[in-house]
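Tertiary structure, described
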Amino acid sequence: MVTGRWRTKLQRLIVVVGLLLKVAKSCPELRQCFPESVVTVPCQNDPTPEWTSEPSDIDCSIYVSCFNAIGIKMCCPDGMLFNPDTLKCDDESNVDCQIEPPPCPQTTTTSMPDTTTGLADTTTNDADTTMVTNPVETTTDLSTDETSTTTDETDTTTQPITTTQEITSTAAIDTTTVQQGPDLAALCAALSTDSLVELAYPGECSSYIVCLDRQYIATEACPAGLHHNPILSVCDSPDQAECLDYICQNNPEGSQINIASINSCQRYYICIGNMTVERFCAPGTIYDDENGWCIVEDVDNPCVRERLPAPPQGVIMQCTGESELTKIRHPTMCDVYYRCLNGRLWARQCPAGLYFDTDRAQCNLAEVVSCEVQQ
């Protein structure tokens, strides 16, 4: 039978649990969205080579930007929800949200009773043994040219004592392994041109290095969710960028197929399982995806190339005053920008659905870039 004192405590506990459930029910999801982190999710609609938006099925303030059925999780600004009718973020008063966001994780603290047990004090006098440990001092200086390692020898000293005490000194050895990154200077030095070139960073789809006059200039990164396109030298959708670590990732093991490049007439890829082998056609020929080999480029089989607009005079004057590597957007075209260094300009154009983001200094999703197209 529950006494009055325990009944009161039980009632208080029920009230506290009820409050916790109420708070948890109304707690918004801890969102981690573009561009802070990349969350790729499948899209519901059929694959299409254009950027589209879909509502999320877990939170009305989240939506998915899709390209070829691969989606990038994104968030509406605070106080706004994604409107499935207009496919845009809208004031929350205009959206009938039927999705309840998941609760915040709850932390439970359990106090264990304090138990103290007294034991009899037992003292045994044996020979004293003292263990002294001196770690080895290791210094590693890592640079792009050389690595030097200095190791002090272990000092071990044993002194005999006339009593029953014995002192032993043992040095423990620290082992430090330093993995050296790719030699970026060597990658630039191996180029066959002195022009400005953007190379894929080894093993990284979203990063790339900038070389000029065969010298390493800088390392840059694309916005979250985008890959570097080494053919167009811009940040692009993962399905269009042709990162070598990404192209054959879904090819079954034991299967070998050829894939034509989306961005170059002279380039194609051989997928052996999920390993990618890059191949180039001979000069004057282009890859024919239908036949699976290179054919002569002629009137019947042309390779269409788009020429980028020449830089306006205002861009030329702005670049003349710049002494460091910068990017300048075209004054009337949101998807065109220019690399500038010491008065020299290199034109770049963002792929379809992307605009040049002046804040990130990279091509980015048009919906997150503030730019009005001027005709």
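Criteria and cut-off values
Residues numbered from 1 in each chain as written. Predicted model: local features only at pLDDT ≥ 70, side-chain atom pairs only at ≥ 80, totals over all residues. Heavy atoms only, no water. Phe/Tyr/Trp six-rings, centres within 6.5 Å; stacked < 30°, edge-to-face > 60°. Helix = DSSP H or I, 4+ residues; strand = E, 2+ residues; numbered from the N terminus. Buried < 20%, exposed > 50% of the residue type's maximum accessible area, 1.4 Å probe, protein only. Pairing = 2+ DSSP bridges. Axes fitted to C-alpha atoms, helices over the stretch in contact; angles between N-to-C directions. Core = buried A, V, L, I, M, F, W, Y, C linked by side-chain atoms within 4.5 Å. Contact = heavy atoms within 4.5 Å. Disulfide = S-S within 2.5 Å. Salt bridge = Lys/Arg side-chain N within 4 Å of Asp/Glu carboxyl O.

Turning our eyes to something else, we now look at the packing of aromatic side chains. For the structure on display, the rule yields three aromatic pairs. Between Tyr268 and Tyr287, the aromatic rings sit 4.3 Å apart at their centres with planes inclined by 15°, giving stacked as the arrangement. Of this pair, Tyr268 sits in strand 18 (residues 267-272) while Tyr287 is found in strand 20 (residues 285-288), placing the two residues 19 residues apart along the sequence. Here Tyr268 matches Tyr287 in class, with each residue buried. Considering the side-chain rings of Tyr337 and Phe356, the 4.4 Å spacing of their centres and the 20° angle between planes classify their relative orientation as stacked. With Tyr337 in strand 23 (residues 336-341) and Phe356 in strand 25 (residues 354-357), the pair connects residues that are 19 residues apart, well separated along the chain.

Turning our attention to the sheet that holds strand 22 (residues 326-329). Strand order in the open sheet formed by three strands is 22-23-24, and the pairing between neighbours is antiparallel. The strands lining the two open edges of the sheet, one partner per strand, are strand 22 and strand 24 (344-349). Taking each pair of neighbouring strands and ignoring which way they run, the sheet shows an average axis angle of 30°.

Another point: the nonpolar core. Counting residues in each nonpolar core, the largest one holds 23 residues, and the members touching the most others are Trp51, Cys235, Tyr337, Cys350, Leu354 and Cys363. Elements supplying a minimum of two residues to this core: strand 3 (62-67), strand 4 (70-75), strand 13 (207-212), strand 16 (234-236), strand 23, strand 25 and strand 26 (362-365). Element by element, the count of residues in this core is highest for strand 13, at three residues. Once residues within four sequence positions are removed from consideration, Tyr337 is found in contact with Ser233, Val234, Lys327, Ile328, Arg329, His330, Trp346, Ala347, Arg348, Cys350, Phe356 and Cys363.

All right, on to the sheet that holds strand 17 (residues 256-260) then. Pairing is antiparallel across the open sheet formed by three strands, whose spatial order is 17-18-19. For this open sheet the edge positions go to strand 17 and strand 19 (275-280), each flanked by a neighbour on one side alone. Ignoring which end each strand starts from, the neighbouring axes of this sheet average 25° apart. Relative to strand 19, strand 18 runs antiparallel, the two sharing six bridges. When the sheet's bridge partners are listed, Tyr269 is paired in strand 19 with Glu278.

Should the sulfur atoms of two cysteines be covalently bonded, the bond is a disulfide. A complete count under the given rule lists twelve disulfides for this structure. Across the disulfide, Cys43 is cross-linked to Cys66 (sulfur-sulfur distance 2.0 Å). What sets the handedness of the Cys43 and Cys66 disulfide is the S-S torsion sign, and at about -105° it is left-handed. Placement of the pair is Cys43 in the loop between strand 1 (40-42) and strand 2 (52-55) and Cys66 in strand 3, with a sequence separation of 23 residues. Accessibility assignment for this pair places Cys43 and Cys66 in one class, buried. Between the sulfur atoms of Cys76 and its disulfide mate Cys89 the distance is 2.1 Å.

Turning our attention to unusual backbone geometry. Positive phi, close to 60°, is recorded for Leu87, a residue that is not glycine. With respect to the helices and strands, Leu87 occurs in the loop between strand 5 (80-83) and strand 6 (88-91). You can call Leu87 partly exposed: its relative accessible area is 40%. For Glu242, which is not a glycine, the phi torsion comes out positive at approximately 60°. Inspection of the secondary structure assignment puts Glu242 in the loop between helix 3 (238-241) and strand 17.

Within this structure, the stated rule accounts for seven salt bridges. When the shortest N-O distance is used, the salt bridge between Arg348 and Glu198 registers 2.9 Å. Placement of the pair is Arg348 in strand 24 and Glu198 in strand 12 (residues 197-200), with a sequence separation of 150 residues. Taken individually, Arg348 and Glu198 each receive the classification buried, so the pair is uniform in this respect. One salt-bridge network, in which partners are shared between bridges, spans Glu198, Glu220, Lys327, Arg339 and Arg348.

Direction of pairing for strand 20 relative to strand 21 (residues 293-296): antiparallel, over a ladder of four bridges. Opposite Asp288, over in strand 21, you have Trp293 as the bridge partner.

Next up on the list: the pairing of strand 24. In the sheet, strand 23 pairs with strand 24 via six bridges, with the strands oriented antiparallel. Each bridged residue has a counterpart across the sheet, and for Tyr338 the counterpart in strand 24 is Ala347. Here strand 23 folds back onto strand 24 in antiparallel fashion, the turn holding two residues, of which Asn342 has a positive phi close to 55°.

Interpretation in functional terms is not warranted from these geometric data alone.
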